[in-house]
Amino acid sequence: MPSGSASSVGLSFQPDRPAGGYGARGGRKRRSWREGRWEPSLSLSRSRLPGRRGERVPLAGLALGGVTSSLGKHNFQQPHGMLLRCHLKRALPQKVSCRFCAVMGKLQSKLKYSTYKYRPDGFRDERIQTKAFQEYSPAHVDTVSVVAALNSDLCVSGGKDKTVVAYNWRTGNVVKRLKGHEHEITKIACIHKSGQFFSASRDKTVMMWDLQGSSQPRQQFSGHTMVVTGLAVSPDTSQLCTGSRDNTLLLWDVGTGQCAERASVSRNLVTHLCWVPREPYILQTSEDKTIRLWDSRGLQVAHIFPAKQHIQTYCEVSEDGHKCISCSSGFGGEGCEATLWDLRQTRNRICEYEGHFQTVASCVFLPRALALMPVIATSSHDCKVKIWNQDSGACLFTLSLDGSGPLTSLAVADTVSLLCASFSRGIRLLRVDHSRGLELQEVAGF
């Protein structure tokens, strides 16, 4: 603060004492000996402002190298060797408050957006997003429930606006908007390297779409009595498996649209389905906290994994079909984990990934080209996307998408890009940056 400017009225700079108060005219007593150092504070002295109680502004941890301030006749040595000299002149109290708050606001802003947070084990844990990103025209006008990659350029998404949207995430252009469902879209399943995909909805139906065809659904599958919450396409694309909160799984012939098999398990409220590559097996998560492996040949349960403590919200199978991951609901750090399972003969739990503070809504295996080690990614209702070492369970990086609301879906777009659907900010395009290690950056939104 310039020494020549009119600054403040009756400000005194007093150090807190470990067992004492603020002095003869101080206020309430409190200990302020923190981490082996005194905590200086600013207070409005009652002796100079009659009838007003002193206001205190802690300055602990304020590191301003080379900056000198004056308040009265007191000198204080800061923790990092910074000397604050204090000297004040008379002015109006309002000017003191406004000018001081303005300076502190600018300072806090600079500190916030240039600060890295580190884990105790040395990994950089979280970085607040600071770089500007490209904002494309929005794909949806409401919450996005699900996003899936159709090919290396296009993604398909659905949400509360009852619309299925094919979007070119590289150029930021809508390819096609498809309308036909009467309620929110809940799941999307794509036939990769083609223009065909399926959408499930709260209207209890599943529809098949073709980008090369008309804007009308190519096929419609109706058979569930409640919201459809699971979709999985067989590796040869001839069969479609659907699951619902009505406790049933249905196996469909894609060509004819006819239901070939039906299976029902009590209290098996389906949350997600995933077909195992090159195998006749379907992985399923449920609200009854279990993960089931179904044999599509007769639609029978082939294996039930050990039950978890919380609802299992999502599952994903690795490309080689040897492993799978599942996600748990939770709150306040209870539950909120992802679990790696062996899909081969042992079918044991391999590793757990703990660190989210709310429900983990989605998890994906990342391409091996991203890192020297196998890695996975998770997205959560706590607005964070985390990258994990698949083998050790260590969190390698955390990206906080502040203001996005709960993150609802995560999909691999290409070898270095991820698509993340959110409750409040549409779909975010994330990119892996190798320049400073394995980091995620938010580069675009639509």
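Residues numbered from 1 in each chain as written. Predicted model: local features only at pLDDT ≥ 70, side-chain atom pairs only at ≥ 80, totals over all residues. Heavy atoms only, no water.

Looking up the protein chain in an unreviewed UniProt entry gives the name WD repeat-containing protein 31 isoform X2, with the organism given as Balaenoptera musculus.

Considering the packing of aromatic side chains
Here the structure, examined in full by the defined rule, presents 5 aromatic pairs. Ring centres of phenylalanine 221 and tryptophan 252 lie 5.4 Å apart, and the angle between their planes is 70 degrees; this geometry places the pair in the edge-to-face category. A residue pair is termed long-range when its members are at least 10 positions apart, and phenylalanine 221 in strand β16 (residues 219-222) and tryptophan 252 in strand β19 (residues 248-253) qualify at 31 residues. Phenylalanine 221 gets classed as buried once you look at its relative accessible area, which sits at 2%. Here a set of aromatic residues connected by ring pairs shows up, and it is made of Phe198, Phe221 and Trp252. A cation sits over an aromatic face here: arginine 297 above tyrosine 281, 5.9 Å from the ring centre. (Phe/Tyr/Trp six-rings, centres within 6.5 Å; stacked < 30°, edge-to-face > 60°. Helix = DSSP H or I, 4+ residues; strand = E, 2+ residues; numbered from the N terminus. Buried < 20%, exposed > 50% of the residue type's maximum accessible area, 1.4 Å probe, protein only. Lys NZ or Arg CZ within 6 Å of the ring centre and 35° of its normal.)

Observations regarding the sheet that holds strand β21 (residues 270-275)
Pairing is antiparallel in the open sheet, where 4 strands are placed in the order β21-β22-β23-β24. Because the sheet does not close on itself, it has two edges, and the strands there are β21 and β24 (300-304). Looking at each pair of strands side by side, their axes are set apart by 30 degrees on average, direction ignored. (Pairing = 2+ DSSP bridges. Axes fitted to C-alpha atoms, helices over the stretch in contact; angles between N-to-C directions.)

Quick notes on the environment of aspartate 382
With respect to the secondary-structure elements, aspartate 382 resides in the loop between β32 (375-380) and β33 (384-389). With relative accessibility at 9%, the residue aspartate 382 sits in the buried group. Taking C-alpha positions, aspartate 382 is 8.5 Å from serine 400, a pair spaced 18 residues apart along the chain. When sequence neighbours within four positions are dropped, the list of residues in contact with aspartate 382 reads His356, Phe357 and Gln358. Of note is the side chain of aspartate 382, whose polar atom sits 3.2 Å from the side chain of histidine 356. Within the local environment of aspartate 382, its side chain forms a polar contact with the backbone nitrogen of phenylalanine 357, the two atoms lying 3.0 Å apart. (Contact = heavy atoms within 4.5 Å. Polar contact = N/O pair within 3.5 Å; in protein donor to acceptor, adjacent residues only side chain to side chain.)

Structural notes on the sheet that holds strand β38 (residues 439-445)
The strand order β8-β38-β37-β36-β35 describes an open sheet built from 5 strands, whose pairing is mixed. Either end of the sheet is taken by a strand with one partner, and the two such strands are β8 (134-135) and β35 (407-414). Sheet topology note: the β8/β38 ladder contains 2 bridges and is parallel. In the sheet register, glutamate 135 faces β38, and the bridge partner there is glycine 445.

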